[in-house]
Amino acid sequence: MTKIELQPEFQLGEDFAIEMDHRDPLKGYRSRFLLPKTPADSVYLCGHSLGLQPESAAIYVAQELKDWAELGVEGHFHAKNPWMPYHRLLTEQTAELVGAKPLEVVVMNSLTVNLHLMMVSFYRPTKERHKIVVERGAFPSDQYAVQSQIRFHGFDPVTSLIELTPRPGESLLRDEDIELLIERQGDEIALIMLGGVNYATGQAFDMARITCLGHERGCVVGFDLAHAAGNLVLKLHEWGPDFAVWCSYKYLNGGPGCVAGCFVHERHARSWELPRFAGWWGHDEESRFEMGPDFRAMSGADGWQLSNPSIVSLAVLRASMDVFHEAGMESLRAKSVSLTGYLEFLLNQNESRSFSIVTPHEKERRGAQLSIRVPEHGRALCERLAHQGIIGDWREPDTFRVAPVPLYNSYLDVFRFVQRFSATIG
Ligand SMILES: Cc1ncc(COP(=O)(O)O)c(C=O)c1O
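Residues numbered from 1 in each chain as written. Predicted model: local features only at pLDDT ≥ 70, side-chain atom pairs only at ≥ 80, totals over all residues. Heavy atoms only, no water.

## Remarks on the overall build of the protein chain
Scanning the protein chain from terminus to terminus reveals 14 helices and 15 strands. For 426 residues, the compact-globule estimate of 2.2 N^0.38 gives 22 Å, and the protein chain sits close to it at 22 Å. Viewed in the frame of its principal axes, the protein chain has a C-alpha envelope of about 65 × 60 × 35 Å. Every one of the 426 residues in the protein chain was classed for burial, and the buried ones make up 58%. Surface accessibility of the protein chain: about 18,300 Å² in total, with carbon and sulfur atoms responsible for 54%. (Helix = DSSP H or I, 4+ residues; strand = E, 2+ residues; numbered from the N terminus. Rg over C-alpha atoms; globule rule 2.2 N^0.38 Å. Buried < 20%, exposed > 50% of the residue type's maximum accessible area, 1.4 Å probe, protein only. Areas by Shrake-Rupley, 256 points an atom, 1.4 Å probe, with all protein chains shown as cover.)

## Observations regarding unusual backbone geometry
Glu396 connects to Pro397 through a cis peptide bond whose omega is 5°. Note that Pro397 resides in the loop between strand E14 (393-395) and strand E15 (399-402). Even without a glycine there, the phi angle at Asp41 is positive, about 65°. Tracing the chain through its elements places Asp41 in the loop between strand E1 (33-34) and strand E2 (43-44).

## Things to note about the side chain of Ser248
Looking at the secondary structure, you find Ser248 in the loop between strand E9 (243-246) and strand E10 (261-264). Among the polar contacts made by the side chain of Ser248, one reaches the main-chain carbonyl oxygen of Val259 at a distance of 2.7 Å. Excluding its chain neighbours within four sequence positions, the residues that come into contact with Ser248 are Asn253, Gly254, Gly255, Cys258, Val259, Ala260, Gly261 and Leu317. (Polar contact = N/O pair within 3.5 Å; in protein donor to acceptor, adjacent residues only side chain to side chain. Contact = heavy atoms within 4.5 Å.)

## Observations concerning the pairing of E10
The two faces of E10 match: Gly261 and Phe263 on one face and Cys262 and Val264 on the other face are all buried. Pairing geometry for strand E4 (residues 105-107) and E10, over 3 bridges, is antiparallel. In the sheet register, Val106 faces E10, and the bridge partner there is Cys262. Examined bridge by bridge, E9 and E10 share 4 bridges and lie antiparallel to one another. Residue pairing in the sheet places Val245 in a bridge with Cys262 of E10. (Pairing = 2+ DSSP bridges.)

## Observations concerning the pattern of salt bridges
In the structure shown here, the tally under the stated rule is 25 salt bridges. Between Asp24 and Lys335 there is a salt bridge; the shortest N-O distance is 2.7 Å. In this pair, Asp24 sits in the loop between helix H1 (14-23) and E1 while Lys335 sits in helix H12 (residues 329-347), placing the two residues 311 residues apart along the sequence. Neither Asp24 nor Lys335 differs from the other in exposure class; each is buried. A salt bridge links Arg217 to Asp187; the shortest N-O distance between them is 3.2 Å. Of the two residues, Arg217 sits in the loop between helix H9 (207-216) and strand E8 (220-224) while Asp187 sits in the loop between helix H8 (175-185) and strand E7 (189-195), which places them 30 residues apart along the sequence. With relative accessibility at 47%, the residue Asp187 sits in the partly exposed group. (Salt bridge = Lys/Arg side-chain N within 4 Å of Asp/Glu carboxyl O.)

## As for the site of the ligand
Surveying the vicinity of the ligand reveals the residues Leu111, Thr112, Phe139, Asp142, Asp224, Ala226, His227, Tyr249 and Lys250. Taking Thr112, its side chain carries an N or O atom lying 2.5 Å from an oxygen atom of the ligand. Burial of the ligand by the protein amounts to 81% of the accessible area it has alone, namely 400 Å². Taken together, the residues of the shell around the ligand sort by class into 4 nonpolar, 2 polar and 3 charged. (Near = heavy atom within 4 Å. Nonpolar A, V, L, I, M, F, W, Y, C, P; charged D, E, K, R; others polar.)

## Focus: the packing of aromatic side chains
Summed over the entire model, instances satisfying the criterion amount to 14 aromatic pairs. Aromatic pair Phe16 and Tyr342: ring centres 5.6 Å apart, planes at 50°, arrangement tilted. Here Tyr342 lies in helix H12 and Phe16 lies in helix H1, a separation of 326 residues in the sequence. Taking the relative accessible area as the measure of exposure, Tyr342 reaches 0% and is therefore buried. Feature note: the residues Phe10, Phe16, Tyr342, Phe345 and Tyr411 constitute an aromatic cluster, connected by ring pairs. Positioned over the ring face of Trp304 is Arg276, at 3.9 Å from the centre of the ring. (Phe/Tyr/Trp six-rings, centres within 6.5 Å; stacked < 30°, edge-to-face > 60°. Lys NZ or Arg CZ within 6 Å of the ring centre and 35° of its normal.)

## What about the side chain of Gln203?
Take Gln203: it is sitting in the loop between E7 and H9. Since its relative accessible area comes to 2%, Gln203 is described here as buried. Of the polar contacts made by the side chain of Gln203, one reaches the backbone oxygen of Leu173; its length is 2.7 Å. Those residues in contact with Gln203 that sit more than four places away from it in its chain are Leu172, Leu173, Gly196, Val197, Asn198, Pro360 and Arg365.

## Describing the sheet that holds E8
Spatially, 7 strands are ordered E4-E10-E9-E8-E7-E5-E6 in an open sheet, and the strand pairing comes out mixed. A single partner strand is all that each edge strand has here, and the edge strands are E4 and strand E6 (161-164). Sheet twist, expressed as the mean angle between neighbouring strand axes with direction ignored, is 15°. Two elements, strand E5 (residues 131-135) and E7, share 3 bridges in a ladder whose sense is parallel. If you follow Lys131 over to E7, its bridge partner there is Ile189. Packing of helix H6 (residues 140-152) onto the sheet brings it into contact with E5, E6, E7 and E8, and relative to E6 it is tilted by some 155°. Its contacts with the sheet put H8 on E5, E6 and E7, and the angle it makes with E6 is roughly 155°. (Axes fitted to C-alpha atoms, helices over the stretch in contact; angles between N-to-C directions.)

## Topic: the nonpolar core
In terms of nonpolar packing, the biggest core is built from 68 residues, with Ile192, Leu225, Trp246 and Leu407 touching the most fellow members. Of all the elements, helix H11 (residues 311-327) adds the most residues to this core, at 10 residues. Discounting chain neighbours no more than four positions away, the residues touching Leu407 are Tyr29, Arg30, Phe33, Asn253, Val323, Phe324, Ala327 and Leu332. Core analysis: the next-biggest nonpolar cluster, separate from the first, contains 32 residues, Leu343, Phe345, Phe400 and Phe417 among them. (Core = buried A, V, L, I, M, F, W, Y, C linked by side-chain atoms within 4.5 Å.)

Printed below as a string of structure tokens:
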């Protein structure tokens, strides 16, 4: 890497990291998460893959297990937090987190399931307008989902899938190329479905602009926010995409396989004409237990629910969302910008040419994650770092991903990571 000028806000040396941690107004949150203890002295920088367990999760879960033990089926109505409307305990905070109205969000299912449910309603291809736009190298599940939806409607991904591709020799998508594509091919595009933050490169997209341009050309716009929810400040209602989906086990710390999230813009809250795959939990609450044969959807995102959700999983998510609510997404993002900037600053001191940071430098174009390309070292580097307690992750063919998470990572974590990374990479 080429050595770059010292940024005045960051300094070299461990003392600086210690001082920054000391001054960090959010430092107290670290102790509210369970940091892995093995190997000893480990540095966890993997919140972009699996967030850490909130300390209070066990208490939230224990309450539901206790109520289940003591009340059995009566817990649906008489638990301390009755299970029937339990998911609503998450609505306000989820809306706050993604910048939406409560009517526009629901926690349900898992991400890929929600993506399919959204495409059932919002991917309505015609002979003239049948294309879906994704990033080339989008997360495989998204690629499989969009391809299978295209085929389901009798089209062929070869002619109906547009993959946004970086220019030759580049790793990131240019905003102007996204805009040009929408402008030129907008008439044929049924759905623009991008990740808010690309999982591999860490590039964040301008969701407001993409939504606006897409809508101007008559396209439906949806986002996969797996790597954006709990990472960036989102303003989904204002930006106006038709839908968004995300999982809750990365930055949202809901635990492996946790119940996911879904946003449907208010303009579709009562679009009864939209086709949808229905289930009893999306049926009008007042008459759900009349067990009638005819489906009547609830208004808003709630109307896309299928099944009664896992209360134990929701309980963990509540524990985390309470912490997010307390800390505030704006403050978390401010710390995140600083932590990731510090990480980049320290990495850039290393003059080795055997690695490069793929993620954009500008804070508006990235979240917490930095993707570090190490083509000469390969996966073995990840393993060598793991032996030294560095927990990041590897994405084929050559990328080591790390994310300092503002809720529980410290400046000292970042300092220690870069020390060990630099010593390993040479
Ligand atoms: C960007 C993205 N999309 C989709 C998925 C798939 O999520 P799920 O297994 O919850 O459906 C993931 C999982 O890591 C992801 O990172």
